[in-house]
Amino acid sequence: MDDGFLMEVCVDSVESAVNAERGGAGRIELCAGLVEGGTTPSMGLLQVVKQCVRVPVFVMIRPRGGDFLYSDREVEVMKADIRLAKLHGADGLVFGALTEDGRIDTELCTALLAVCRPLPVTFHRAFDMVHDPLVALETLISLGFERVLTSGCDSSALEGLSLIKRLAEQVWNSVSARCVTWGLFPPGGGITERNLQRILEGSTASEFHCSARSARDSGMKFRNPNVAMGASFSAPEYSIKVADVAKVRTLNAIAKNIL
């Protein structure tokens, strides 16, 4: 924490992790599959990132893209990934799980939290898919999550700003939250240099979460334009998105001038 705020950058490569730290990020959320909102990274990626950066690295635990309703076998994968992430130096974990009716899956979250101990845990943007965010927040506080990442149940943190502020006030007024020093409530989703000031001033958050990426052209000289490695909506083969040091620094500067 620096000057009253902390910037978390979500990354999916060693290059992005290094750039995020160089730009002033206070914490990294390590993922794969950012085009799907983030999935569990490889343990090889975690190992090398831990060798290259000194800021805390929180690891996403999400076995696939799509919804947050998990089968028994997917749960076993999540538990195994948590154990491996702890073994390879994760400083914290990030996960979320819902029931079919859009509520926090308290039974599963309790089981996963037990595997995570003693590391801190963030409930990710599965929160934005809940039926009742105010009730869901109280549930997460009671379960023992340290923070929740949210865009205010809207397409971006800016659109969801009014709910983010209401949720932050709910955390502040919660006796149980104060008893466990809960209350870090990072808005995330669509944060840019153009809207960060408004989001931070409107949410009273002490943290914020972003990717701060730019496209970098591939170093490949020979290119086959007729073949794609993924579905039609996937990223171009010859363009790589990485955390942009300049963008991270700019966002940090904006936040320092506000808080």
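Located above this text is the structure these notes cover.
The structure reproduced in this document is the subject of the present report. Since the model is a prediction, treat every value here as computed from it, not as a measurement.

Remarks on the overall build of the protein chain
Alright, step 1. Looking only at helices and strands, one finds 9 helices and 9 strands in the protein chain.
Alright, step 2. Sorting the 259 residues of the protein chain into buried and exposed places 48% on the buried side.
Alright, step 3. In the protein chain, once contacts between residues fewer than 6 apart in sequence are set aside, the share between residues at least 24 apart is 67%.
Alright, step 4. In the form shown here, the protein chain has an accessible surface area of approximately 12500 Å², with 52% of it arising from carbon and sulfur atoms.

With respect to the side chain of Glu29
Alright, step 1. If you trace the backbone, Glu29 turns up in strand β2 (residues 27-30).
Alright, step 2. Buried and without a salt bridge, Glu29 has Arg27 as its closest oppositely charged side chain, separated by 7.4 Å.
Alright, step 3. Setting aside chain neighbours within four positions, we find Glu29 in contact with Glu8, Val9, Cys10, Val11, Phe58, Met60, Val94, Leu149 and His209.

A short note on helix α2 (residues 43-52)
Alright, step 1. Burial in α2 covers these residues: Met43, Leu45, Leu46 and Val49. The buried residues of α2 occupy one face: seen down the axis, they fall within an arc of 150°.
Alright, step 2. Packing partners of the buried residues in α2 comprise α1 (14-23), β2, β3 (57-60) and α3 (72-87).

Considerations on the packing of α1 against α2
Alright, step 1. The geometry of α1 relative to α2 is characterised by a closest axis approach of 9 Å and an angle of 30° between their N-to-C directions. Judged by the inter-axis angle, α1 sits roughly parallel to α2. The crossing of α1 and α2 is right-handed. Contacts from Val14, Ala17, Val18 and Glu21 in α1 reach Leu45, Val48, Val49 and Cys52 in α2.
Alright, step 2. Looking at the contact of α1 with α2 residue by residue, the classes come out as 7 nonpolar, no polar and 1 charged.

Considering the packing of aromatic side chains
Alright, step 1. This structure, assessed with the given rule, holds 2 aromatic pairs.
Alright, step 2. Consider the rings of Phe95 and Phe145, whose centres lie 5.4 Å apart with planes at 65°: the pair is edge-to-face. Of this pair, Phe95 sits in strand β4 (residues 92-95) while Phe145 is found in the loop between α5 (133-143) and β6 (147-148), placing the two residues 50 residues apart along the sequence. A single burial state applies to Phe95 and to Phe145, both of which are buried.
Alright, step 3. Consider the rings of Phe123 and Phe145, whose centres lie 5.3 Å apart with planes at 85°: the pair is edge-to-face. On the criterion of sequence distance, the pair formed by Phe123 in strand β5 (residues 121-123) and Phe145 in the loop between α5 and β6 is long-range, its members being 22 residues apart. Note on accessibility: Phe123 and Phe145 belong to one class, buried.
Alright, step 4. Members of the aromatic cluster, each reached through a chain of ring pairs, are Phe95, Phe123 and Phe145.

Calculation notes
Numbers given for residues are sequential positions, taken from 1 along each chain in its written order. Residue-level local features of this predicted model are given only where pLDDT is at least 70; pairs of side-chain atoms are given and counted only at 80 or more, and the full residue set underlies all totals for whole chains, interfaces and linings. Only hydrogens and water are set aside; all other atoms, that is, all heavy atoms of the structure, feed into the side-chain values. Numbering of helices and strands runs from the N terminus; a helix is a DSSP stretch of H or I covering at least four residues, while a strand is a stretch of E covering at least two. Here the term buried applies to any residue with accessible area under 20% of the maximum for its type, exposed to any over 50%, and partly exposed to those in between, with areas from a 1.4 Å probe on protein chains only. Throughout, a contact is declared for two residues whenever any of their heavy atoms are within 4.5 Å. We get accessible surface area from the Shrake-Rupley algorithm with a probe of 1.4 Å; when it comes to residues, only the shown protein chains can shield them. Positive charges are assigned to Lys and Arg, negative charges to Asp and Glu, while His and the chain termini are left out of the count. Every case where a carboxyl oxygen of Asp or Glu lies within 4 Å of a side-chain nitrogen of Lys or Arg is listed as a salt bridge. By construction, the arc corresponds to the directions joining the helix axis to the C-beta atoms. Interaxial angle, 0 to 180 degrees, is taken between N-to-C directions of lines fitted to C-alpha atoms, where a helix line uses only the stretch in contact. With respect to orientation, any angle under 35 degrees is reported as roughly parallel, any angle over 145 as roughly antiparallel, any angle of 65 to 115 as roughly perpendicular, and every other angle as oblique. For any helix crossing, the convention is left-handed if the near helix is rotated counterclockwise from the far helix by under a right angle, and right-handed if that rotation is clockwise. Residues are grouped as follows: nonpolar covers Ala, Val, Leu, Ile, Met, Phe, Trp, Tyr, Cys and Pro; charged covers Asp, Glu, Lys and Arg; every other residue, Gly included, is treated as polar. Aromatic rings from Phe, Tyr and Trp, with only the six-membered ring used for Trp, were paired whenever their centres fell within 6.5 Å, and each pair was classed as stacked if the ring planes differed by under 30 degrees, edge-to-face if by over 60, and tilted otherwise.

Honestly, it's all geometry; don't read function into it.
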